[in-house]
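# Understanding the architecture of this molecule
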Amino acid sequence: MGIARLGMVASAAAVLAAGIAWADAPKTIIYVSPNPLGVNEFLKMGKTGTNAIAKKFGAKSRTYEATDPTTRKQDVEAAVRDGADIVVMLGFEFGDIVGEAAAKNPKVQFLIVDQCIDKPPPNVHCAVFREYEASFLAGAEAALTSKTGMVGAIGALDIPFLHRYTDAFEDGAKAARPDIKIAQKLWVGGDNPFSDPVRAGQQAEAMVAAGADRIYAATAGGNGGIFKVAKDKGALAIGVDVNQCPQAPGAVLDNMEKKVDNVLGLAVDGIAAGNQPPLVAYGLKEGGLTLEGLGADPAASKCEIAKFPEAIAKAKEIAADIESGKIKLSDPL
């Protein structure tokens, strides 16, 4: 979930060929968050990763916290004015911003994490995730721990990207336990599908009523609603992006986590070396994704998976087979 990290410093020729503005290493790295960090652990990983890789290079690091489309654009422009050699952005919100900024500032390198743009120019680098790998493992854990013999997935919106979560979860459940029943896939929808805990909770109630006792919650801000229903009904949910177990003790089995800080470090290493491709997808093997159950101390995570050591052992076997290529997964996207 590890391959060797890319070399930190390239030859002068390679650096010049990449159009990088420094001699052999970045001097300033600025992270632009799409929203205030607040208690958002996912966005905080962007700051943590930026600070860590800047320290590694002996560079300065700063974080700008945007609040809306206007301030996102302004903050990216400010990062360039303030001398950033690399501007780091996290999330789909920068899709319409990064291309324009990169075209105007060809000597500045731009790294966008968890999103990419069409035909990125030479100074734009995209770091994305193979979400379906960890989602497959989440499905395996759900099936192996289910008491009712039924599991299901709830997504925010029925779009191709989210099928990387929901479809892969179902595939993993069936692979780990062929007799498992899969509840009908449900979607939050509505006017605010990614931040509607009420509608997400209603979908969870319907899924539990149908017999599911393990629910994959891929609804972003709606997950809290699913966790509440899971706790009230004696079911368990699986969260996404960060460790959500402390958010709802006793209600969350495990989490499909995106290790933004790890991926950011790998990508900046590649940019500084002058050999980072325009688009790189990170999965289990590269340390871009994980589950708490795969960690050294699942109990410390406050996730319920710690109570199921046999399921953890099986999940680790499956993860190793995915990393080695023994298990080949197709991308639902």
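Just so we're clear, the structure is a prediction, and the values are computed from it rather than from any experiment.

Along the chain, Gln244 turns up in the loop between β10 (236–241) and β11 (252–258). Judged by its relative accessible area of 10%, Gln244 falls in the buried class. When residues no more than four places from it in sequence are discounted, the contact partners of Gln244 are Asn223, Phe227, Gly239, Val252 and Asn255.

Across the five residues that make up strand β9 (residues 214–218), a large majority, five, are buried. Judged from the five bridges that link them, strand β6 (residues 150–155) and β9 form a sheet pairing that is parallel. The residue of β9 that forms the bridge with Gly155 is Ala218. Of the pairings in the sheet, the one linking β9 to β10 comprises three bridges and is parallel in character.

Before going further, it helps to spend a moment on the nonpolar core. Leu111 and Tyr216 are the most contacted members of the largest nonpolar core, which totals 87 residues. The element best represented in this core is helix α9 (residues 260–273), accounting for eight residues. In this view, Tyr216 contacts Ser135, Ala138, Gly152, Ala153, Ile154, Tyr165, Phe169, Ile238, Gly239, Val240 and Met256; residues no more than four positions away in its chain are not counted. With 21 residues, the next largest nonpolar core counts Val76, Ala79, Ile112 and Cys126 among its residues.

Moving on, we come to the packing of aromatic side chains. On inspection of all chains with the given rule, the structure shows three aromatic pairs. A ring pair is formed by Tyr165 and Tyr216, whose centres lie 6.5 Å apart and whose planes are at 40°; its orientation type is tilted. Taken together, the residues Tyr165 in helix α6 (residues 163–176) and Tyr216 in strand β9 connect sequence positions 51 residues apart. Across the pair, Tyr216 and Tyr165 agree in class, each one buried. The interplanar angle of 15° and the centroid separation of 4.8 Å between the aromatic rings of Phe169 and Tyr216 together place this pair among those described as stacked.

Procedures and definitions
- Residues numbered from 1 in each chain as written.
- Predicted model: local features only at pLDDT ≥ 70, side-chain atom pairs only at ≥ 80, totals over all residues.
- Heavy atoms only, no water.
- Helix = DSSP H or I, 4+ residues; strand = E, 2+ residues; numbered from the N terminus.
- Buried < 20%, exposed > 50% of the residue type's maximum accessible area, 1.4 Å probe, protein only.
- Contact = heavy atoms within 4.5 Å.
- Pairing = 2+ DSSP bridges.
- Core = buried A, V, L, I, M, F, W, Y, C linked by side-chain atoms within 4.5 Å.
- Phe/Tyr/Trp six-rings, centres within 6.5 Å; stacked < 30°, edge-to-face > 60°.

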